[in-house]
Structures are given as C-alpha cells and as structure tokens.
Amino acid sequence: MSRIVIALGGNALGNNPKEQQEMIDAATPSLIGLIAQGHEIIISHGNGPQVGMINLAFDLASQQSDKVVPLQLMECTAMSQGYIGYHLQKGIKKELRKQGMPWNVATVVTQVVVDKEDSAFQNPNKPIGAFYSKEKIEEMAKEDINFHYVEDSGRGFRQVVASPKPIDIAEKASILNLLDNEYIVIACGGGGIPVYINDDGDYEGVPAVIDKDFASAKLAQEIGADYLFILTAVDRVAINFGKENQQALEEMSVEEAKQYAKEGHFAPGSMSPKVEAAMQFASSGKGRKAIIASLEKAPLAMKGESGTTIHM
Ligand SMILES: Nc1ncnc2c1ncn2[C@@H]1O[C@H](COP(=O)(O)OP(=O)(O)O)[C@@H](O)[C@H]1O
Ligand SMILES: NC(=O)OP(=O)(O)O
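About the thresholds
- Residues numbered from 1 in each chain as written.
- Chains lettered and ligands numbered in written order.
- Predicted model: local features only at pLDDT ≥ 70, side-chain atom pairs only at ≥ 80, totals over all residues.
- Heavy atoms only, no water.
- UniProt positions renumbered as here; feature names shortened; annotations may be inferred.
- Helix = DSSP H or I, 4+ residues; strand = E, 2+ residues; numbered from the N terminus.
- Expected span 1.5 Å × (residues − 1).
- Core = buried A, V, L, I, M, F, W, Y, C linked by side-chain atoms within 4.5 Å.
- Buried < 20%, exposed > 50% of the residue type's maximum accessible area, 1.4 Å probe, protein only.
- Contact = heavy atoms within 4.5 Å.
- Polar contact = N/O pair within 3.5 Å; in protein donor to acceptor, adjacent residues only side chain to side chain.
- Axes fitted to C-alpha atoms, helices over the stretch in contact; angles between N-to-C directions.
- Parallel < 35°, antiparallel > 145°, perpendicular 65-115°, else oblique.
- Left-handed = near helix turned anticlockwise from the far one by under 90°.
- Nonpolar A, V, L, I, M, F, W, Y, C, P; charged D, E, K, R; others polar.
- Near = heavy atom within 4 Å.
- Areas by Shrake-Rupley, 256 points an atom, 1.4 Å probe, with all protein chains shown as cover.
- 1 Å grid on protein atoms, 1.4 Å probe; cavity = no way out; pocket = protein on both sides within 12 Å on 5 of 7 lines; lining within 4 Å.
- Sits in = over half its atoms within 2 Å of the grid points.

### Digging into the UniProt feature "domain: Aspartate/glutamate/uridylate kinase" (unreviewed entry) in the protein chain
Logical step 1: As annotated in UniProt, the feature "domain: Aspartate/glutamate/uridylate kinase" (unreviewed entry) corresponds to residues 3–293 in the numbering used here.
Logical step 2: Helix makes up 39% of residues 3–293 and strand 23%, and the two end C-alpha atoms of the span are 18 Å apart.

Here is the structure:
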C-alpha cells in the first residue's frame with residue numbers, strides 16, 4: 001500500500017460551480033480507483049481562479065452596498081477551501097456509494113504557517129483570478145496601486161499576489177488522525193490559509209495565496225507519503241513549451257529537471273512551481289516519486305502511461 005498526495009490544479013477545475021462539479025465528477029473514478037488498488041489518498045487542490053473570483057465578488061459588492069466589506073485573501077482562501085471541498089466531498093461520496101466502498105471523506109480547513117518576513121510579500125508573483133486582455137488589466141491596475149499583474153503562459157494577463165513558502169501545516173495531527181481512521185482527506189486547499197505565529201504563540205492570518213504545489217509537497221513530506229501526484233491541464237511537462245520544437249517528457253531526474261529549469265523551460269507561476277515542488281518531494285526520501293499529469297489522464301498516469309515522472 002502506498003500513501004499518495006494528489007494535488008488538483010485550480011485552473012483544471014473550471015470557472016464556475018457547474019464546470020467545477022463536472023470536472024470533479026469526471027476525475028473521481030480514477031481517484032477512487034487508487035483506493036480500490038489498496039492505496040491511501042489525500043487530496044489537495046489549487047484555488048487560483050476561485051480565490052480571485054471570491055475576492056473580486058466581495059470587492060464589487062462592497063462598491064455597491066455598505067452592507068458588504070471587501071474580504072482579505074486569507075478569508076477568501078478559507079471560503080475557497082469550503083467551496084471546492086464541498087464539491088470534492090459530494091463527488092467522491094457519490095462514487096464511493098456507486099462502488100459500494102465504505103470509506104468516509106472529510107475536508108480539513110487547513111492553516112499553513114509561513115514566515116511573516118518572507119521576501120514574497122515584497123514581490124507578488126502568484127497569478128490568481130480570471131485571464132484578461134492587456135487593455136482590461138491595465139484599466140484595473142489604474143484603479144488600485146496595489147494591483148500587480150503578469151502575462152500567464154500565453155493564456156492572457158492575470159493579477160498576481162504574494163505567495164510565501166509553506167513552513168508547517170497547523171492541522172497536520174488532525175489530518176494524520178483522519179487517515180488512521182480510514183478517511184479520504186481533503187486538506188491544504190488553495191495551498192492552505194496563510195498564517196504566521198504571533199508573539200503570543202497564536203496563529204495570525206496574513207493576506208497571500210500559498211502555491212498549492214509547494215503546500216502539497218510539504219504535506220506529502222510531513223505525512224510520510226510515497227507519491228505526489230500533481231494534476232493540471234496538460235498531459236505532460238514539456239521543454240520548449242509553446243514553441244515549434246516543444247517536446248513532452250515522460251520522465252526526468254531531479255538533476256535533469258534542475259538543468260531544464262535553469263534553461264528557462266518552465267514558466268514562473270505555473271509550471272515552474274510544479275516542477276520545483278516535484279523535485280523537492282522526490283529529493284526528500286528514498287523511493288519517493290512525483291508525477292505531473294492531466295486531471296483527465298490521471299488513470300493512465302497512475303499506470304505509468306501518461307504524465308511526467310520526476311525521480312532521484
Ligand atoms: N514547460 C511547460 N510544460 C507544460 N506546461 C507548461 C509549461 N510551462 C507553462 N505551462 C503551462 O502551465 C500550466 C499549468 O499551470 P497552472 O495552470 O498554473 O496550474 P494549475 O492547474 O495548478 O492551476 C499548463 O496548463 C501550461 O499552460
Ligand atoms: N493556490 C494555488 O496554487 O492555486 P492554483 O493551483 O490554482 O494556482
């Protein structure tokens with residue numbers, strides 16, 4: 001039996017509740033298939049589009065009514081954990097019932113500890129929200145001096161926010177407890193709610209969005225996982241991505257990945273954190289492997305027939 005952390009990409013979950021539930025329902029048979037093979041699974045997920053949508057919705061509503069206030073990113077992330085966790089629980093429960101499997105499933109609202117002095121707070125680089133044209137995003141940036149944006153992997157322009165590195169997972173003991181009691185656990189959604197430890201030793205939220213690939217690698221290490229699956233919208237990691245000589249990779253060693261990263265093959269804010277998180281996990285213990293694959297082809301990736309495997 002292997003313990004597998006599966007990270008689902010926020011951009012692979014669609015742009016509205018209907019799309020999201022459909023994407024999740026399409027993915028659940030392969031996730032449940034792993035349990036049928038005797039593995040233990042822990043699911044984490046991204047929230048880039050969703051946290052941006054929630055943040056924007058409260059901003060716009062607060063401009064229309066004094067009964068609504070703008071929400072900070074930690075509360076928006078907490079909401080996205082509930083919204084996505086709900087759809088995951090619903091879809092997984094349905095599939096478990098169909099297959100007559102007695103497992104339980106629970107979402108853990110997860111706080112992830114970061115360093116308040118992380119340089120990421122001075123250098124926002126995590127894309128969130130919808131994709132916009134250059135004209136539209138320039139217009140948005142004019143209205144808010146704290147609004148930063150980048151071009152995101154040829155898909156359009158997006159707002160970027162601070163994304164500190166995860167240091168620890170506050171609810172780690174609860175997650176392990178649920179696993180011991182045969183729960184399918186959904187945790188570290190949206191990279192976790194960013195918190196730091198204040199002078200009294202309490203958790204204090206901080207406005208940022210942690211990269212879910214780094215949080216998932218940290219989670220996988222902390223709970224002693226054997227595999228980290230990072231599921232996104234492309235079947236495989238490529239070198240020369242988006243160019244005529246694009247080449248999809250079936251596998252790469254950590255050393256090869258480092259070299260490709262140095263040559264600039266992985267876009268910052270999208271594929272780069274995935275490959276970095278995969279390298280971090282693969283280097284963290286003997287036999288540990290990370291696989292980057294598409295949500296759609298997850299069943300094939302699980303059989304080694306799709307995806308890119310990153311190994312020592
Ligand atoms: N070298 C690369 N190989 C494959 N995809 C890449 C590469 N560089 C950038 N990408 C882009 O990165 C995207 C995955 O990142 P992103 O959409 O941010 O992930 P998530 O699914 O976690 O939201 C892919 O769909 C692809 O458009
Ligand atoms: N929080 C996060 O990393 O989300 P995405 O996977 O949607 O970028």
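### Quick notes on helix α3 (residues 73–98)
Logical step 1: Counted at 1.5 Å a residue, the expected span for α3 with its 26 residues is 38 Å, and the 37 Å between its end C-alpha atoms agrees.
Logical step 2: Phi turns positive one or two residues past the end of α3, at Gly 100, with a value near 60°.

### Details of the nonpolar core
Logical step 1: One finds Val 5, Ile 175, Leu 219, Met 252, Val 275, Ile 292 and Ile 310 to be the most contacted residues of the largest nonpolar core, which totals 42 residues.
Logical step 2: Taken together, the elements giving at least two residues each to this core come down to β1 (3–8), α5 (172–180), α6 (212–222), β12 (227–232), α7 (254–262), α8 (271–282) and β16 (289–294).
Logical step 3: In contact with Met 252, other than residues within four places in its own chain, are Val 237, Ala 257, Tyr 260, Phe 266, Val 275, Thr 308, Thr 309, Ile 310 and His 311.
Logical step 4: With 31 residues, the next largest nonpolar core counts Ala 12, Ile 92, Val 105 and Leu 231 among its residues.

### Concerning the environment of Arg 288
Logical step 1: Checked against the element boundaries, Arg 288 lands in the loop between α8 and β16.
Logical step 2: Sequence separation between Arg 288 and Lys 165 is 123 residues, and the spatial gap between their C-alpha atoms is 21 Å.
Logical step 3: Not counting chain neighbours up to four residues away, the residues in contact with Arg 288 comprise Ala 220, Gln 221, Gly 224, Ala 225, Asp 226, Phe 281 and Ala 282.
Logical step 4: A distance of 3.0 Å separates a polar atom in the side chain of Arg 288 from the backbone oxygen of Ala 225.

### Some words on the packing of α6 against α8
Logical step 1: Remark: α6 packs on α8, axes separated minimally by 8 Å, with the N-to-C direction vectors making an angle of 10°. Here α8 runs roughly parallel to α6, going by the angle between their axes. The hand of the α6/α8 crossing is right-handed. On α8, the residues touching Lys 212, Asp 213, Phe 214, Ala 217, Lys 218, Ala 220 and Gln 221 of α6 are Pro 273, Lys 274, Glu 276, Ala 277, Gln 280 and Phe 281.
Logical step 2: Split by residue class, the contact of α6 with α8 holds six nonpolar, two polar and five charged.

### Some thoughts on the site of ligand 2
Logical step 1: The full set of residues close to ligand 2 is Gly 10, Asn 11, Gly 46, Asn 47, Gly 48, Pro 49, Lys 126, Gly 190, Val 209, Ile 210, Asp 211 and Lys 212.
Logical step 2: Contact between ligand 2 and Lys 126: an oxygen atom at 2.7 Å from a side-chain N or O atom of the residue.
Logical step 3: Within the backbone of Ile 210, an N or O atom sits 3.1 Å from a nitrogen atom of ligand 2.
Logical step 4: Taking 260 Å² as the accessible area of ligand 2 by itself, protein coverage stands at 95%.
Logical step 5: Structurally, ligand 2 is housed in the second largest pocket.
Logical step 6: Considering only residue class, the shell around ligand 2 consists of three nonpolar, six polar and three charged.

### Examining the packing of α7 against α8
Logical step 1: Where α7 meets α8, the closest approach of the two axes is 10 Å, and the angle between their N-to-C directions is 155°. Put simply, α7 runs roughly antiparallel to α8. Seen along the crossing, α7 lies across α8 with a hand that is left-handed. Residues Val 254, Ala 257 and Lys 258 of α7 pack against Val 275, Met 279 and Ala 282 of α8.
Logical step 2: Of the residues that constitute the contact of α7 with α8, the class distribution is five nonpolar, no polar and one charged.

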